[in-house]
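# Examination of the molecular architecture
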Amino acid sequence: MLLQFQTTVLPLSYMLRTEESHLSKKTCLHIHGVFPYIYVPFDGELDPNQQMYQLAASLDKALNIALGTANSARQHIYKVVHVKGVPFYGYHEKSHQFLKIYFYNPLIVKKATDLLQNGAVCNKIFQCHEAHLPFILQFFIDYNLLGMSFIQLSSVDIRKEPGSMHSNLECDVRLAKTTHCELEVDGLASHILNRKTVSGE
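What comes next is a walk through the structure. (Residues numbered from 1 in each chain as written. Predicted model: local features only at pLDDT ≥ 70, side-chain atom pairs only at ≥ 80, totals over all residues. Heavy atoms only, no water.)

A separate point is the pairing of strand β10 (residues 183-188). Of all the 6 residues making up β10, 5 are buried; the element is thus mostly covered by neighbouring parts of the structure. The sheet contact formed by strand β3 (residues 27-32) and β10 spans 6 bridges and is parallel. In the sheet register, H32 faces β10, and the bridge partner there is L188. For strand β7 (residues 157-158) and β10, the ladder comprises 2 bridges, and the chain directions are antiparallel. By the bridge assignment, D157 is partnered in β10 with D186. (Buried < 20%, exposed > 50% of the residue type's maximum accessible area, 1.4 Å probe, protein only. Helix = DSSP H or I, 4+ residues; strand = E, 2+ residues; numbered from the N terminus. Pairing = 2+ DSSP bridges.)

Right, let's get into the packing of aromatic side chains. Inspection of the entire model under this criterion finds 8 aromatic pairs. Linked through ring pairs, Y37, Y39, F98 and Y102 together constitute an aromatic cluster. Sitting above the plane of the Y37 ring, K100 keeps its charged end 4.2 Å from the centroid. The side chain of R195 reaches across the aromatic face of Y143, ending 4.6 Å from its centre. (Phe/Tyr/Trp six-rings, centres within 6.5 Å; stacked < 30°, edge-to-face > 60°. Lys NZ or Arg CZ within 6 Å of the ring centre and 35° of its normal.)

Throughout the structure, instances matching the rule amount to 4 salt bridges. Of the charged contacts in the structure, one is a salt bridge between K124 and D43, with a shortest N-O distance of 2.0 Å. Taken together, the positions of K124 in the loop between α2 (109-117) and α3 (135-142) and D43 in the loop between β4 (37-41) and α1 (48-66) put the pair 81 residues apart, joining distant regions of the chain. According to the relative accessible area criterion, D43 is partly exposed, its value standing at 34%. Two residues, E184 and R159, come together in a salt bridge whose shortest N-O distance is 3.5 Å. Of this pair, E184 sits in strand β10 while R159 is found in the loop between β7 and β8 (164-166), placing the two residues 25 residues apart along the sequence. Each of the two residues, E184 as well as R159, counts as buried. (Salt bridge = Lys/Arg side-chain N within 4 Å of Asp/Glu carboxyl O.)

Relative to each other, α1 and α2 sit at 110°, their axes nearing to 10 Å. Judged on the interaxial angle alone, α2 and α1 are roughly perpendicular. Helix-helix and strand crossings are classified by hand; for α1 and α2 the assignment is right-handed. Facing L55, L59, A62, L63 and A66 of α1, the residues of α2 in contact are K111, A112, L115 and L116. In terms of residue class, the contact of α1 with α2 is built from 8 nonpolar, no polar and 1 charged. (Axes fitted to C-alpha atoms, helices over the stretch in contact; angles between N-to-C directions. Parallel < 35°, antiparallel > 145°, perpendicular 65-115°, else oblique. Left-handed = near helix turned anticlockwise from the far one by under 90°. Contact = heavy atoms within 4.5 Å. Nonpolar A, V, L, I, M, F, W, Y, C, P; charged D, E, K, R; others polar.)

Here it is in structure tokens:
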């Protein structure tokens, strides 16, 4: 089950690569479609769709109040997904149900975690999971990426001056170069192949 919202501001990850080979170029890779997230336990008291909506709405409101923009309709939650997993804390033989909360802005995750743990959301105290992981580390873990190693993608779009149409980014958008790298490309997180090399669970 999925609850998703619409917005125009999205997080973007950058990766730089420099090689000595005369065939290689200094490259900046823009990764699209990676969002920071945390988990909170799903207690099953309400229908999952209803609880996901209430949680997202209450957390958005609490964040706007905490940021001093109580009357703002700004959304901080990208989507909420109902998932199963083994809790990080303690010993558990069986998987439990969770709500996976995706955010637009990695910098808001700490504030959201504090609000969830302090009872400011849905008048309830939540135990947050994976809230301690920095966004970039979370991205590296999820996609099996290592520092100073290669990232493999099934396809990328090359940016050209002053801008060019990109067909692989789910919607056609005009993107111009933003760095001084010889090569600047865009790729989707779903096109990263490194995670397919992980063996086992």
